[in-house]
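Close look at the chain arrangement
Here is what each chain is made of, one letter per residue.
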Amino acid sequence: MKFDDLRARHAVIFPPTSAIECGEGWAAVVDRFLATVAPLMQATGSTVTVVRQDMGALRILDNYPQPYATVFVRARLLAEFRSRTTCEVCGEPGHMRKAAGWYRCRCDEHATASEREEPPRPSYSIGRDTSAGYLWYDAAADDVKIVDDLTTIGMPPSQIERLLRSRENLPPRSRS
């Protein structure tokens, strides 16, 4: 799968003017996103404006009408979390790596020598704290869900304690 293939298949909602600022390895992730949202985007005349890498994860920007944008939340989250386990270069399974302060998702073949030395990030780290709770990506089920008992996803007690302390120090609105 290549971005040119996506443009050809979804020419109306993914025009040539859409910026692509990430590697071809994520084209299949974007394809799955578009398969979910294409009918809604076509119905409103919306388009994808930018597909980019940010902090090692995929970000898809569009001009879908804001009052209805919540229908995209799940599809966007799945695309972002899928990208955190997919090599941006080739599309094979990969994991988040950090080199010289930059995060990237790479397989062993496309990682630098120093990045290959890093162990894969634990699965509990593919998530984020939100005002509704800890949103976690279950790669086996290919789904996102709120997790109440963080030990069930393998989060160590020290990390749970740190997360709970950070919740106490933040106003409710800033945790989303």
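**A word on the overall build of the protein**
Looking only at helices and strands, the protein features five helices and eight strands. For 176 residues, the compact-globule formula gives about 16 Å, and the C-alpha radius of gyration of the protein, at 17 Å, lands near that figure. When the backbone C-alpha atoms are referred to their principal axes, the protein occupies close to 50 × 45 × 30 Å. Within the protein, the fraction of its 176 residues that count as buried is 43%. A separation of at least 24 residues holds for 48% of the contacts in the protein among residues at least 6 apart in sequence. Just so you have it, the protein exposes about 9700 Å², and 54% of that area is on carbon and sulfur atoms. On the protein, the mean spot of the 23 positive side-chain charges and the mean spot of the 23 negative ones are 4 Å from each other.

**Regarding the environment of Phe72**
Within the secondary structure, Phe72 is located in the loop between β3 (57-62) and α3 (73-83). As a C-alpha pair, Phe72 and Phe33 span 39 residues in sequence and 9.1 Å in three-dimensional space. What Phe72 contacts, discounting residues up to four positions off in sequence, is Phe33, Val37, Met41, Asp62 and Tyr64.

**Notes on unusual backbone geometry**
Phi angles above zero are rare outside glycine, and Met55 is one such case at about 55 degrees. If you trace the backbone, Met55 turns up in the loop between β2 (48-54) and β3. Its relative accessible area of 54% is what places Met55 among the exposed residues. At Asp142, a position not held by glycine, the phi torsion is positive, near 50 degrees. By secondary structure assignment, the location of Asp142 is in the loop between β7 (133-138) and β8 (143-147).

**Description of the packing of helix α2 (residues 27-44) against α3**
Taken N-terminus to C-terminus, the directions of α2 and α3 make an angle of 170 degrees; their axes are 9 Å apart at the nearest point. Taken as axis vectors, α2 and α3 run roughly antiparallel relative to one another. Contact with α2, carried on its side by Val29, Arg32, Phe33, Thr36 and Val37, involves Ala75, Arg76, Ala79, Arg82 and Ser83 of α3 and no other residues of that element. Among the residues making up the contact of α2 with α3, the classes are represented as five nonpolar, two polar and three charged.

**Description of the environment of Met96**
Among the structural elements, Met96 can be located in strand β4 (residues 95-99). By relative accessible area, Met96 is classed as buried at 5%. It is 18 Å that separates the C-alpha atoms of Met96 and Glu21, two residues lying 75 residues apart in sequence.

**Digging into the confidence of the model for the protein**
Taken as a whole, the protein shows an average pLDDT of 90; of its residues, 95% reach a score of 70 or greater. The element-level mean pLDDT for the protein is lowest in β4, coming to 87, with strand β1 (residues 19-21) highest at 97.

**Notes on the environment of Asp54**
For Asp54, the location among the structural elements is in strand β2. Expressed as a C-alpha distance, the spacing of Asp54 and Trp102, which sit 48 residues apart in the sequence, is 9.7 Å.

**Focus: the sheet that holds strand β6 (residues 127-130)**
Spatial ordering of the open sheet is given by β6-β7-β8, a layout of three strands whose pairing is antiparallel. With partners counted over all chains shown, the strands left at the sheet margins are β6 and β8, one partner each. The average angle at which neighbouring strand axes cross in this sheet is 25 degrees, direction not considered. Relative to β8, α3 is tilted by about 100 degrees, and along the sheet it contacts β6, β7 and β8.

What counts and how
Residues numbered from 1 in each chain as written. Predicted model: local features only at pLDDT ≥ 70, side-chain atom pairs only at ≥ 80, totals over all residues. Heavy atoms only, no water. Helix = DSSP H or I, 4+ residues; strand = E, 2+ residues; numbered from the N terminus. Rg over C-alpha atoms; globule rule 2.2 N^0.38 Å. Buried < 20%, exposed > 50% of the residue type's maximum accessible area, 1.4 Å probe, protein only. Contact = heavy atoms within 4.5 Å. Areas by Shrake-Rupley, 256 points an atom, 1.4 Å probe, with all protein chains shown as cover. Lys, Arg positive; Asp, Glu negative; His and termini not counted. Charge placed at Lys NZ, Arg CZ, Asp CG, Glu CD. Axes fitted to C-alpha atoms, helices over the stretch in contact; angles between N-to-C directions. Parallel < 35°, antiparallel > 145°, perpendicular 65-115°, else oblique. Nonpolar A, V, L, I, M, F, W, Y, C, P; charged D, E, K, R; others polar. pLDDT = per-residue confidence, 0-100. Pairing = 2+ DSSP bridges.

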